[in-house]
Structure formats: C-alpha cells, structure tokens
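Reading the structure
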Amino acid sequence: LVGFLSEEEMKEAAEKIVQGVSSLRPGFVVLDDVSEFKLSSQEGMTHLMKAHQAVNAGKPGLVVRVTGAVLAKSRLDRSRRESGTDFEVVDVESLEDAERRIDEFRSR
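A short tour of the structure in this document, coming up. Computed from a predicted model, the values in this text were never measured in an experiment.

About the thresholds
Residues numbered from 1 in each chain as written. Predicted model: local features only at pLDDT ≥ 70, side-chain atom pairs only at ≥ 80, totals over all residues. Heavy atoms only, no water. Phe/Tyr/Trp six-rings, centres within 6.5 Å; stacked < 30°, edge-to-face > 60°. Lys NZ or Arg CZ within 6 Å of the ring centre and 35° of its normal. Salt bridge = Lys/Arg side-chain N within 4 Å of Asp/Glu carboxyl O. Helix = DSSP H or I, 4+ residues; strand = E, 2+ residues; numbered from the N terminus. Buried < 20%, exposed > 50% of the residue type's maximum accessible area, 1.4 Å probe, protein only.

Quick notes on the packing of aromatic side chains
Per the counting criterion, the structure on display carries zero aromatic pairs. The ring of F87 has R80 sitting right over it, with the charged end atom 5.8 Å from the ring centre.

This is the structure in structure tokens:
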C-alpha cells in the first residue's frame, strides 16, 4: 500500500486480502510494506479492520510489517486492536530486515 488511498481503494485492497487469506493454510507468512502508506479516512479504517479480522481468522504464523510513517503504524496497530485480532506483528525498518525475519521463521 502506497500513499493515500480512497475509501474505494481501501475496500478493494481489503477484499483482495480477505479472498487471498481464505486460500491459505494456517501458519502462513504475511509481509506488509506500509512504509509509504497513509490511511486517509475513518471509512478506510473499517475496511482495514475487516482485512485484519480475515488475517487473524486464517491463523498466520508470522506477520512482518515494514514501517516508515509513525502515524500509519499507530493507526494500523489501533485498527488491529479494535478489530479484536490477536496476531502479533513484527515491525522492521526495511524489506531486507523483513526478508531476514521471514527466513529465520522458516528455518525453525
């Protein structure tokens, strides 16, 4: 996700996540690069919460988030909490760090 997304773009992104997660087996890995993402509306948060709920229901093994904008990170954390999800997120600063964490997870 990059930049400001309209409510419709957030809805489409959330629907893709919901559909994609439904085909995964528990223990899957999520790499979420939000380093350039800016959540633009409360309505967008509603769609984001649906995506978080779908990820949670799928029982991820690891969720790694590349962060950049502190505001986006805090709003994403809030959305995850308010959606009642309990999956943990590992925040990293770069894609390289994310790939390293995923490699470590897979080698266990």
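Things to note about the pattern of salt bridges
Going through the model one piece at a time under the given rule, you end up with three salt bridges. The salt bridge involving R65 is made with D91; its shortest N-O contact spans 2.7 Å. Of this pair, R65 sits in strand β4 (residues 62-66) while D91 is found in strand β5 (residues 90-92), placing the two residues 26 residues apart along the sequence. Across the pair R101 and E104 runs a salt bridge whose closest N-O atoms are separated by 3.8 Å. In this pair, R101 and E104 both sit in helix α4 (residues 95-106), three residues apart, roughly one turn of the helix. Of the residues examined, E104 reaches a relative accessible area of 43% and is grouped as partly exposed.

By themselves, these are just geometric observations and shouldn't be taken as functional.
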